[in-house]
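So you can see what is in the structure, the chains are spelled out below.
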Amino acid sequence: GENVEQHPSTLSVQEGDSAVIKCTYSDSASNYFPWYKQELGKGPQLIIDIRSNVGEKKDQRIAVTLNKTAKHFSLHITETQPEDSAVYFCAASTLMDSNYQLIWGAGTKLIIKP
Amino acid sequence: DAGITQSPRHKVTETGTPVTLRCHQTENHRYMYWYRQDPGHGLRLIHYSYGVKDTDKGEVSDGYSVSRSKTEDFLLTLESATSSQTSVYFCAISEDRGSYNEQFFGPGTRLTVL
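Now for a look at the structure at hand. Bear in mind the structure is a predicted one, so any value in this text is a computation, not a measurement. (Residues numbered from 1 in each chain as written. Chains lettered and ligands numbered in written order. Predicted model: local features only at pLDDT ≥ 70, side-chain atom pairs only at ≥ 80, totals over all residues. Heavy atoms only, no water.)

Residues and elements named next belong to chain A. Burial runs high along strand β9 (residues 86–96): 8 of the 11 residues are buried. Of the strand pairs in this sheet, strand β4 (residues 32–38) and β9 are connected by 4 bridges, and their pairing is antiparallel. Of the residues in β9, the one forming a bridge with Lys37 is Tyr88. Where β9 and strand β11 (residues 108–113) come together, 3 bridges link them in antiparallel fashion. Bridge pairing links Tyr88 to Thr108 in β11. Relative to strand β10 (residues 99–104), β9 runs antiparallel, the two sharing 6 bridges. (Buried < 20%, exposed > 50% of the residue type's maximum accessible area, 1.4 Å probe, protein only. Helix = DSSP H or I, 4+ residues; strand = E, 2+ residues; numbered from the N terminus. Pairing = 2+ DSSP bridges.)

Structure follows, in structure tokens:
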């Protein structure tokens, strides 16, 4: 079955610098890759996603890239701000029992240093 | 939180007692999910529903049961709670997009089993 690995588990960057979080997946049939941000005490919130027919997608300071050949995708945050501090999760969609499920990475705690 | 509420938001119970968590949505989405979140494990799927009275097991379903008698409500029951079920439980909903589904999360329920 699908397996998603996420690195690093913790990332500390200076405010204003860029942050990159990477995920790899195992199921070559996976076709949808969302990223979620989870703030303390809240549920995960979808921040950006990418379909397998696209290599890169941007939304203001965040971007996601996908390399289907290598089976990895990454989240890029530029000009980081204190409010970017949170736990970020990647996921990959896979077909299981005739329904699409999300398989999740273990999460990355992003710390923005002032 | 995308029209999703969870109740209760916090609960403390004793080992061996039954517990029911409720997820309610106002989006009329077809799919509903129950996840648990534990440190180092990310999000793990317990059960999901793909329609009224249609449910299936996820990765960590042992010790849990679910019911969906109406589109808007999805109940998670711990028949006899154990300390290993101490966790934060999240409900999610999604609509069928054909080859993938975006999931939106509720605020979570923190359950402590003593």
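Having seen the structure, we can now continue with the description.
Let's shift gears to the sheet that holds strand β1 (residues 4–7) of chain B. Residue and element names in this part refer to chain B. Reading across the sheet, the 4 strands line up as β1-β3-β8-β7 and stay open at both edges, with antiparallel pairing between neighbours. One side of each edge strand has no neighbouring strand; the edge strands of this open sheet are β1 and β7 (64–70). Between one strand and the next, the sheet's axes are offset by a mean angle of 20°, whatever the strand orientation. In the sheet, strand β3 (residues 19–25) pairs with strand β8 (residues 73–78) via 6 bridges, with the strands oriented antiparallel. Bridge pairing links Val19 to Leu78 in β8. (Axes fitted to C-alpha atoms, helices over the stretch in contact; angles between N-to-C directions.)

The values are spatial; any link to function lies outside them.
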